[in-house]
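Secondary and tertiary structure notes
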Amino acid sequence: MNESLHYSLDDLLTLMEVLRDPGQGCPWDVKQNWDSILPHTLEEAYEVVDAIERRAFDELPSELGDLLFQVVYYSQFAREEERFDFQDIVDALMNKMLRRHPHVFPEGTLASRRQDVSAAEVETRQVSSRWEQLKAEERDARGEDESSSLLADIPRGLPALTRAAKLTKRAARVGFDWPDTRGVIAKIREELDEVEEALDSDDEDHVREEVGDLLFAVVNLARQRKIDPEQALRATNGKFERRFGYIEQALARSERTLDEADLAEMDRHWNDAKDRERNSIKESL
């Protein structure tokens, strides 16, 4: 591989066109479609997030490239079906961003960038309010009538925790929210009680519903504290993996397996892992 080569976006678009060519392309790429690529798109997006959270910046160019490749895929599908092409994607994005940043581009063009006011002087609250107003105007332009829900444009394909946070954040903007976290905590306790009641009923559909309500209430608490629930849960997943790995290693040192250990023994190793993590944090401070 020639490391001195620098490819352009046009090269990437050409590569995709060749890969999709029925005569000389890749058989796997040729048979792909809108639906078959969707799982890969989600996976690549999460891999970008994972690299950033791990601060694996050496991996990030490759992961961002994989995500960009998904966009190129969809643009090629659309080009083949004469719907739109990659340039239409860029144009749509540029027009939307210019339109949504009138405090930076007052005339809606790159050339009209303001020179008299710094970003620090622009009130974040004003920008957020204007952003929502512009999004509402865009919904009107798309023909969504006044009866359209305030929540209508929150994508259903988002991870459930993320979508729950967005739903409650949007509702909170019009006052549908608890005044402080004490109200949310009371709601969590209420939902937990309802989960326990449902468990006594042996009605699995009811249990599923009440567990969902409990998760939704916990997401509300995270949102009120400005905590991203997906990031928080990913961090906890990582912590669980580390501590469970410690259990496996501790048992292996004793020449024992997970099957041979009981819960009490695994709990002891788990608590040892917690203590080690806490001591490590204290030493680093």
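In what follows, the accompanying structure is described. (Residues numbered from 1 in each chain as written. Predicted model: local features only at pLDDT ≥ 70, side-chain atom pairs only at ≥ 80, totals over all residues. Heavy atoms only, no water.)

**A short note on the overall build of the protein chain**
For the protein chain, the helix and strand inventory stands at 11 helices and zero strands. With 285 residues in all, the protein chain has 25% of them scored as buried. In the protein chain, once contacts between residues fewer than 6 apart in sequence are set aside, the share between residues at least 24 apart is 53%. Here the protein chain has roughly 20,400 Å² of accessible surface; of this, 53% comes from carbon and sulfur atoms. (Helix = DSSP H or I, 4+ residues; strand = E, 2+ residues; numbered from the N terminus. Buried < 20%, exposed > 50% of the residue type's maximum accessible area, 1.4 Å probe, protein only. Contact = heavy atoms within 4.5 Å. Areas by Shrake-Rupley, 256 points an atom, 1.4 Å probe, with all protein chains shown as cover.)

**Here's the deal with a nonpolar patch on the surface**
Taken together, L9, L68 and V71 make up a surface patch of nonpolar side chains, about 200 Å² in accessible area. Within the element layout of this structure, L9 appears in helix α1 (residues 9-19). (Patch = residues over 30% accessible without salt bridge, like charges linked within 9 Å, V, L, I, M, F, W, Y side chains within 5 Å. Salt bridge = Lys/Arg side-chain N within 4 Å of Asp/Glu carboxyl O.)

**Side note on the nonpolar core**
The biggest cluster of nonpolar side chains holds seven residues, and these are M16, I37, V72, Y73, Y74, F77 and F86. Top contributing element to this core by residue count: helix α4 (residues 60-80), with four residues. In this structure F86 touches L9, L13, V71, V72 and S75, once residues within four positions along its chain are discounted. With five residues, the next largest nonpolar core counts V184, I188, L214 and A217 among its residues. (Core = buried A, V, L, I, M, F, W, Y, C linked by side-chain atoms within 4.5 Å.)

**Details of the layout of surface pockets**
In this structure, the second largest pocket occupies an estimated 510 Å³ of space. Around the second largest pocket, the lining is made up of 13 residues, and of these L42, A45, P155, L158 and P159 lie nearest the centre. For the lining of the second largest pocket, the secondary-structure elements that each account for two or more residues are α3 (34-53) and α10 (229-253). By residue number, the principal contributor to the lining of the second largest pocket is α3, which donates five residues. Residues of the lining of the second largest pocket, tallied by class, amount to seven nonpolar, three polar and three charged. (1 Å grid on protein atoms, 1.4 Å probe; cavity = no way out; pocket = protein on both sides within 12 Å on 5 of 7 lines; lining within 4 Å. Points joined across faces, edges and corners; volume = space filled by probe spheres on them. Nonpolar A, V, L, I, M, F, W, Y, C, P; charged D, E, K, R; others polar.)

**Brief notes about helix α7 (residues 160-172)**
The first and last C-alpha atoms of α7 sit 18 Å apart over 13 residues, in line with the 18 Å expected at 1.5 Å per residue. When we look at burial in α7, the residues that qualify are L161, T162, R163, A164, A165, L167, T168, R170 and A171. (Expected span 1.5 Å × (residues − 1).)

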